[in-house]
Amino acid sequence: MLTSQENTSMRLKNMLRCTTILALILLSVPGLAQKSTLTPSEKRIAYENALLDSAYRYEKLKLAFIPLKTAYEYQGKENEELRATVRLQNLQASVQKQSFEAAISKTKQEGGFWRGFKWGLGTGYAGGLLTGLRVRK
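Because the structure is a prediction, the values reported are computed rather than measured.

With that out of the way, let us pick up the overall build of the chain. When helices and strands are tallied, the chain shows three helices and zero strands. The secondary structure elements of the chain, listed N-terminal to C-terminal, are α-α-α. Looking at the chain as a whole, 7% of its 137 residues are labelled buried. Accessible surface computed for the chain: about 12,000 Å², of which carbon and sulfur atoms make up 63%.

Take helix α2 (residues 40–110) next. With 71 residues, α2 should cover 105 Å at 1.5 Å per step; its first-to-last C-alpha distance of 100 Å lies within 8% of that length. Looking only at α2, the buried set comprises Ala 50, Ser 54, Leu 61, Leu 68 and Gln 75.

Within this structure, the stated rule accounts for three salt bridges. The partner of Glu 48 in a salt bridge is Arg 44, and the shortest N-O contact between them spans 3.2 Å. One end of the pair, Glu 48, and the other, Arg 44, are both in helix α2, four residues apart, so they sit about a helical turn from each other. Among the salt bridges present, the one from Glu 80 reaches Arg 83, with a minimum N-O distance of 2.8 Å. Of this pair, Glu 80 and Arg 83 are both found in helix α2, three residues apart, which corresponds to roughly one turn of the helix. On the accessibility criterion, Arg 83 (44% relative accessible area) is partly exposed.

What follows is about the environment of Asn 14. For Asn 14, the position within the fold is in helix α1 (residues 4–35). Among the polar contacts made by the side chain of Asn 14, one reaches the side chain of Arg 17 at a distance of 3.1 Å.

When pLDDT is averaged along the chain, the result is 79; 84% of the residues meet or exceed 70. Within the chain, the element-level pLDDT minimum falls on α1, averaging 72, and the maximum on α2, averaging 86.

As a further point, take a nonpolar patch on the surface. Taken together, Trp 114, Phe 117 and Leu 121 make up a surface patch of nonpolar side chains, about 360 Å² in accessible area. Inspection of the secondary structure puts Trp 114 in helix α3 (residues 112–136). Exposure remark for Trp 114: the relative accessible area of 54% places this residue in the exposed category.

Rules and cut-offs
Residues numbered from 1 in each chain as written. Predicted model: local features only at pLDDT ≥ 70, side-chain atom pairs only at ≥ 80, totals over all residues. Heavy atoms only, no water. Helix = DSSP H or I, 4+ residues; strand = E, 2+ residues; numbered from the N terminus. Buried < 20%, exposed > 50% of the residue type's maximum accessible area, 1.4 Å probe, protein only. Areas by Shrake-Rupley, 256 points an atom, 1.4 Å probe, with all protein chains shown as cover. Expected span 1.5 Å × (residues − 1). Salt bridge = Lys/Arg side-chain N within 4 Å of Asp/Glu carboxyl O. Polar contact = N/O pair within 3.5 Å; in protein donor to acceptor, adjacent residues only side chain to side chain. pLDDT = per-residue confidence, 0-100. Patch = residues over 30% accessible without salt bridge, like charges linked within 9 Å, V, L, I, M, F, W, Y side chains within 5 Å.

What follows is the structure, encoded as structure tokens:
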């Protein structure tokens, strides 16, 4: 299944193809009318019919172009919002990284591991000693 972005891009490509075909038709009609062996009145009728067909096709394509244009605009807005969200997340990640690095360096400067080790050893020794004294009584 196609995503909305792929679907929109496919519609835009199809719209571009249709407008290209329409432009080629409009450009080729005068050349065909001039090269033919028709009488001037038949040339004029053929030219008018080709222009009417082109105008009819243009009107049909114009109806498809308006929703595509709005979809493209909404997709552009959505992309801008996503870019802003990604930038915000990157900024938050960098602030968190700086905060963690500052906390780690502060802990290293204070001798956090050995300080905790000393407190743990002292508390464990005192707790074990008191527990051992309670058991002997």
